[in-house]
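Summary of the model geometry
Single-letter residue listing:
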Amino acid sequence: MLRPHGHLLRQTTLSILAFFAPVFAVLYWLTIPLGEWMPVLIVQLLVMLGASVGIVGFLRTCVWVDDTGISERGFFGQVTSFPVEQVASVVVLELYQSGAIDTHPQLFVTGADGQLLVRMRGQFYSRGAMDTVVDELGAPVVRVPDPMTLTELNRLRPELLYWFERRITGRAPQDFDPGADLGR
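Heads up: these notes are all about the structure in this document. (Residues numbered from 1 in each chain as written. Predicted model: local features only at pLDDT ≥ 70, side-chain atom pairs only at ≥ 80, totals over all residues. Heavy atoms only, no water.)

In terms of regular secondary structure, the protein is built from four helices and seven strands. N-terminal to C-terminal, the α/β element order of the protein is α-α-β-β-β-β-β-β-α-β-α. Considering only residue pairs separated by 6 or more positions, the protein has 51% of its internal contacts joining residues 24 or more positions apart. Accessible area of the protein: about 11200 Å², with a carbon and sulfur share of 62%. The distance from the centre of the 14 positive side-chain charges to the centre of the 18 negative ones in the protein is 4 Å. (Helix = DSSP H or I, 4+ residues; strand = E, 2+ residues; numbered from the N terminus. Contact = heavy atoms within 4.5 Å. Areas by Shrake-Rupley, 256 points an atom, 1.4 Å probe, with all protein chains shown as cover. Lys, Arg positive; Asp, Glu negative; His and termini not counted. Charge placed at Lys NZ, Arg CZ, Asp CG, Glu CD.)

A separate point is the layout of surface pockets. Volume-wise, the largest pocket comes out at about 700 Å³. What lines the largest pocket is a set of 21 residues, and nearest its centre among them are T61, E72, G74, F75 and Y162. The set of elements that each furnish at least two residues to the lining of the largest pocket consists of β3 (79–83) and β6 (116–121). When its residues are assigned to classes, the lining of the largest pocket shows 13 nonpolar, five polar and three charged. (1 Å grid on protein atoms, 1.4 Å probe; cavity = no way out; pocket = protein on both sides within 12 Å on 5 of 7 lines; lining within 4 Å. Points joined across faces, edges and corners; volume = space filled by probe spheres on them. Nonpolar A, V, L, I, M, F, W, Y, C, P; charged D, E, K, R; others polar.)

Our next topic: helix α3 (residues 127–137). An α-helix turns once per 3.6 residues; consequently, residues spaced three or four apart project the same way. Of the residues making up α3, those classed as buried are A129, M130, V133, V134 and L137. The buried residues of α3 all sit within an arc of 145° when viewed along its axis, so they share a single face. Considering only its buried residues, α3 is in contact with β1 (62–66), β2 (69–73), β4 (87–96), β5 (103–111), β6 and β7 (141–143). Phi turns positive, to about 70°, at G138, one or two residues after α3. (Buried < 20%, exposed > 50% of the residue type's maximum accessible area, 1.4 Å probe, protein only. Arc of directions from axis to C-beta.)

Moving on: the nonpolar core. Counting 20 residues, the largest nonpolar core has I70, V90, L107, V109, M120, V133 and L137 as the members making the most contacts within it. Counting residues per element, the ones that place at least two in this core are β1, β4, β5, β6 and α3. It is α3 that provides the largest number of residues to this core, a total of five residues. The residues touching V90, leaving out its near neighbours within four places in the chain, are L107, F108, V109, V134, L137, A139, P140, V141 and V142. With eleven residues, the next largest nonpolar core counts L95, M148, L156 and L160 among its residues. (Core = buried A, V, L, I, M, F, W, Y, C linked by side-chain atoms within 4.5 Å.)

All told, the structure shown has five aromatic pairs when counted by the stated rule. On the numbers, 5.5 Å between centres and 90° between planes, the contact of W163 with F164 is edge-to-face. Accessibility classification places W163 together with F164 in one group, the exposed group. Here the aromatic residues F19, F20 and F24 are joined through ring pairs into a cluster of three or more. (Phe/Tyr/Trp six-rings, centres within 6.5 Å; stacked < 30°, edge-to-face > 60°.)

Bear in mind that shape data such as this cannot, by itself, settle questions of function.
Dropping the structure here:
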């Protein structure tokens, strides 16, 4: 079972605490003498409930892979599974972060029609986890030699991106080739 980086949960939790602890401390300081602290408590409980739901969602997020296929449970609990017969290729590339010179590895498991089945982003999963997917699936691997920007990937292979990352490219539909246009 492959899980996202644990430091993401720690950083997010600390950020939430660093923001909300002083805010609620001040709100209680202002409202307790007036006897109007109950709405502050209700809001605090709602924030704590939301944070707890987020923590549980993060802890449940994972990818399973073996020689029979790959499965993913997303942040919101949706489980998707694909047998190894449905996996046509695995694309591995380095993607520049927006507005930075740093890159993160990206792994895309694609079907025969080129559609994205599973995506592992380097911001969330380790390179070792991605190597495990490559080794276990045994599907053909396309390794893009040079880092790409999100714009380049969107222009060349928009089907690999999430719907909110895609932009209108004006690219005419063409037959799918798993390594096409990716710098091979």
